[in-house]
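# Overview (structure and organization)
The lines below spell out each chain.
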Amino acid sequence: MHERLSFDVIVQVFQYYQLEESPPYPVETLLLVCKTWNKIASNYPPIWSRYDIGLYSKGYFTLWLRRLPLRLSRSGPKTPLHIKIKIAITPTLAISLLNILAGENGALCAKWNSLQFCYHSTTPFCFSVENEEHPLKVFTYPMPLLTSLEISSVSMSAGVVIFPYLPSLKSVHISDSHICNYPDMSRAKEIELSNVHCWDDLHGPIRIPEVQDLRLSGTIPSLPHARGYKNLRTLILQKHDQTSSLKDVSMPNLTSLSIEAKGIAGFCPLMDFPAITGIHTLYLKAFLPHKMDRKEMYRIISHLLHACVRLRELWVTEYILSILLENWHSCGHLFKAESAIRVILNIWTVEEKLILGEGATNAVLKKVAMAYRLQIPNFSVFA
């Protein structure tokens, strides 16, 4: 029966299997089904273009070390490669696999289409220069087809320029890392930077003129200035320590804004944020335990509700909702107009559970009941 399956069906079987493959049961297992399957798969390069490498033990490393050369040869000379390397053992072992994937003098890097290099640890691993050669030399090769780049928990010593040529880069995610320089993100549409330290920060702000979705959290470099944000649609700031620079930035096409902070200082810059008038969707997440902060927080919320003349959706945490309900006599009219703002209570994030404690369920349910009693016309709960 399996020999009578069409070419397309056999290819799909291999591709579906590859999504769930593991080192002990790789996609090569299907080559043993019959000669027909072996012949079709061995000569169809796209099947061998994805490398989801999980280095969770030295045994897994040994399996991949033996498997990679043949897979690369089967991928052919032109098929774009998609590479994921997740490291839970000594990261230097991953370098051996990266060098194989890069080919001699980085020849295969010209085929890389996506790269994810993540070290699963709370402390970034430092790749220092030894014997005058950087262990991550593979990152210095040109990658003309690379469209997606993700790096996590990696620390590199200064002095080596990485990712010098990425003309096709569209998506960038860098977190918890010390890097030598930022890749060229001038054509990137989606950028996420979280707790990134760059040795090259002194050369001025990063340039991201084409970005449409931008997520910043923790310690990151200075924001680019006005002309860098003409295409930005979505901005997410999570515990970002430079929100004060917002007042100097123009974002004429911004429609979605998300702010997460634990203190008033993280929200105050919104009072002078010029792009706020065009916001359609606003996410506010705050945990301000001091009673005196509640009055100041309501002042900011009230300003935002009046300034966001195009606002259609307001996503709030239990804390923000409680402030709205306390001051309903002052702000309720904004939610009962003909073009009423839809209020969405977003609950049960991990952090919120920790802060609200055991009484969270009853506290939230009381707020929800009050919201319905006050007849907020477009109120809903997202959990």
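Above this text sits the structure in question.
Attention here is on the structure that accompanies the text. (Residues numbered from 1 in each chain as written. Predicted model: local features only at pLDDT ≥ 70, side-chain atom pairs only at ≥ 80, totals over all residues. Heavy atoms only, no water.)

In this section: the environment of E28. Examined against the element boundaries, E28 turns out to sit in the loop between α1 (7-19) and α2 (35-42). For the pair formed by E28 and N38, sequence separation is ten residues and the distance between their alpha carbons is 8.9 Å. Ignoring anything within four residues of it in the chain, the contact list for E28 reads W48, R67, R71 and R74. (Helix = DSSP H or I, 4+ residues; strand = E, 2+ residues; numbered from the N terminus. Contact = heavy atoms within 4.5 Å.)

A word on unusual backbone geometry. For F163, which is not a glycine, the phi torsion comes out positive at approximately 50 degrees. Take F163: it is sitting in the loop between β6 (154-156) and β7 (171-179). The backbone of D176 sits at a positive phi, close to 50 degrees, despite the residue not being glycine. Within the secondary structure layout, D176 lies in strand β7. Residue class for D176 comes out partly exposed when judged on its relative accessible area of 33%. (Buried < 20%, exposed > 50% of the residue type's maximum accessible area, 1.4 Å probe, protein only.)

A few words now on the nonpolar core. By size, the foremost hydrophobic cluster in this structure holds 96 residues, and its most contacted members are I85, W112, F117 and F139. Among all residues touching W112, those that are not within four sequence positions of it are L81, I83, L98, L101, A102, V138, M143, L145 and L146. In this structure, V27, L30, W37 and I47 belong to the second largest nonpolar core, which totals twelve residues. (Core = buried A, V, L, I, M, F, W, Y, C linked by side-chain atoms within 4.5 Å.)

Here we take up helix α4 (residues 92-102). Every buried residue belonging to α4 is among L93, A94, I95, L97, L98, L101 and A102, and all of these are buried. With its phi angle positive at about 80 degrees, G103 sits one or two positions after the end of α4.

Within strand β3 (residues 112-119), eight of the eight residues are buried, which leaves the element mostly enclosed by the surrounding structure. Bridge count between strand β2 (residues 81-87) and β3: seven bridges; the pairing is parallel. Across the sheet, the residue bridging to L81 is W112, located in β3. (Pairing = 2+ DSSP bridges.)

Moving on: helix α6 (residues 318-326). Along α6, eight of the nine residues are buried, which leaves the element largely enclosed by surrounding structure. Turning to α6, its buried residues number three or more, namely E318, Y319, I320, L321, S322, I323, L324 and L325.

Counting across every chain of the model gives five salt bridges. Ionic pairing is found between E21 and R71, a salt bridge with its closest N-O pair at 2.8 Å. Residue E21 is found in the loop between α1 and α2, and its partner R71 is found in helix α3 (residues 58-74); the two are separated by 50 residues along the sequence. An identical accessibility class is assigned to E21 and R71; each is buried. In this structure, R215 and E192 form a salt bridge, with 3.9 Å as the shortest nitrogen-oxygen distance. Here R215, found in strand β9 (residues 213-217), pairs with E192, found in strand β8 (residues 190-198); they are 23 residues apart in sequence, far enough to count as distant. On the basis of relative accessible area, R215 is assigned to the partly exposed category, the value being 28%. Taking relative accessible area as the criterion, E192 reaches 26% and is therefore assigned partly exposed. What emerges from the salt-bridge pattern is a single network uniting E21, E28 and R71. (Salt bridge = Lys/Arg side-chain N within 4 Å of Asp/Glu carboxyl O.)

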